[in-house]
Amino acid sequence: MNLFQWPENGAVSLVCKRKWAETSTSVSFTLAPEAGEPLCFDFIPGQFITLGIEIDGKMEYRAYSLSSTPNQTELQLTIKRVVDGKVSNYIVDRLQEGQIVSVLKPAGEFHLQQPHGKQIALLSAGCGITPVMSMAKTLLANEDDDTDIHFIHAATQVDQVIYHQELITMAKEHDRFHVSIMLEDASGSDYLEGRLTQAALKQYCPDIAERSAFLCGPVGFMAAMKENLEALGMDMNVFYQESFTPAESTQPDVSLESMSNNNVSIFVPDFGAQVETQVGSVLIDALEEAKVPVIAACRSGICGSCKCRVTKGEYTRTSTTTLTEDEIELGFVLACSCQAQSDLEISLN
Ligand code: FES
C-alpha cells in the first residue's frame, strides 16, 4: 500500500473518521484523508502530530502524541479533558466525525529509535499513555522482535485507565508484555493503591534499574519517576521522557531596571509587522503580539511548528530540536525557544 506523503512545510487536511469515548473524561478518534485510496501513515512510535482546529473563529494549534502504530491507514489519538484545555476540551466535547482538521507532520525525539536494550520499561500516567502505547503495540506486532516490555501506568481510578481492556488483552497474548497499574483509589479493582514510589516500582518490576525507560505524563509525575529511577540506579543514558512544558531560559537574568533601558524591536518585513519588546523576551510572544501568523503548538521547543528565520540581529536559544545543522547555520530558530538580544528581523519563509 502506498505511503501518505506529508508536505515538508505546512499542514494537510484530514478528516475525523471515527470518535469514541475511552473513559468518562477521554475520547479517542482517528484521522485519514477525506477521499481517495487508503494510504499508510509513516512515523516513529512515540512521535506526535500537531493539530490545527478552528475554535470560535480562531485557529488553535496543539501537539498530541499518536497512539496508533506506523503503516496503518488511520492515525489514532486519545485526548483527555483538562482544566482550561481549550483545544483538548473542544475535541472531547465538540469534535464530530466527518469534521476536517489541519495536521502538521509527525515529529518529536521521544521515540523507539533511541538506543534501548532488549528490556524496557514504559511508564506513564493519565493521557501520557498514548506514545508508550504506540511503542508497545509496535514492538509486539513485530514477530522478529523479542524486547521484554514492562508497562507501568498510574491513574486515578480503575474506570479512568485509558486502554484498560486492550492492555489486559495484550498481556494475555504476549509473554513478553507485563502490565502493572497503580491507582490513587483502587476500589473496585485488585490493583495496588497509592503512588509509584521506589518500593512500588521495585515490587512491580524487580529488574527495573537494568532496563531502558520511556516516560510520559504530567510534569510532577515525570519529575518523581525520574528521581525514583535515578535513585534505583537506572542508567540515565537510556532514560527518555516527553515533556510538553515550556523550556527554561538559560539566558542570564536581566534586572527590571536594565531591561527598561534595553528595548528592542522585532520586525517581520513579510507582514509589515513591527513590535517593541525587551532584551531577553521570547520571540514567539513578540510575534504573537505583532499578530504574525506563526504556529506555536507546544511552546516547549519540541514540535518545530514555530520555526522561523532570524535574518538580522542577535539572539540566544534554549532548543534547536527538529532543526538541521544547515538550518541552524542559516539562522533558523524555534520562536518559542529563542530570546531577542538585539533588534531582530524575522522571516517566516
Ligand atoms: S511551539 Fe513547538 S517548537 Fe515552538
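These numbers come from a predicted model, not from an experiment.

(A) Expanded view of the domain arrangement of the protein. By domain assignment, the protein separates into domain 1 (12-107), domain 2 (119-242) and domain 3 (256-347). The gap between the C-alpha centroids of domain 1 and domain 2 is 24 Å. For the pair domain 1 and domain 2, the summed buried surface comes to about 1300 Å²; carbon and sulfur atoms form 57% of the total. If you look at where domain 1 meets domain 2, you find 0 salt bridges. The interface formed by domain 1 and domain 2 contains 7 residue pairs in polar contact (both at pLDDT 80 or more). Of all the secondary-structure elements, those providing two or more residues to the side of domain 1 that touches domain 2 are β1 (12-23), β2 (26-32) and β5 (75-80). Sorting elements by how many residues they give to the side of domain 1 that touches domain 2 places β5 first, with 4 residues. Residue classes in the side of domain 1 that touches domain 2 are distributed as 6 nonpolar, 12 polar and 2 charged.

(B) Broad picture of the pattern of salt bridges. For the structure shown, the criterion picks out 15 salt bridges. The salt bridge partner of D56 is R94, with a shortest N-O separation of 4.0 Å. In this pair, D56 is assigned in the loop between β3 (48-55) and β4 (58-65) and R94 in the loop between α1 (86-93) and β6 (100-107), connecting sequence segments 38 residues apart. Classification of R94 by relative accessible area gives partly exposed; the value is 44%. With a closest N to O distance of 2.7 Å, R211 and D148 form a salt bridge.

Reading guide: rules and limits
- Residues numbered from 1 in each chain as written.
- Predicted model: local features only at pLDDT ≥ 70, side-chain atom pairs only at ≥ 80, totals over all residues.
- Heavy atoms only, no water.
- Domains from an automatic or database assignment.
- Buried area = accessible area lost by both parts, 1.4 Å probe.
- Salt bridge = Lys/Arg side-chain N within 4 Å of Asp/Glu carboxyl O.
- Polar contact = N/O pair within 3.5 Å; in protein donor to acceptor, adjacent residues only side chain to side chain.
- Helix = DSSP H or I, 4+ residues; strand = E, 2+ residues; numbered from the N terminus.
- Nonpolar A, V, L, I, M, F, W, Y, C, P; charged D, E, K, R; others polar.
- Buried < 20%, exposed > 50% of the residue type's maximum accessible area, 1.4 Å probe, protein only.

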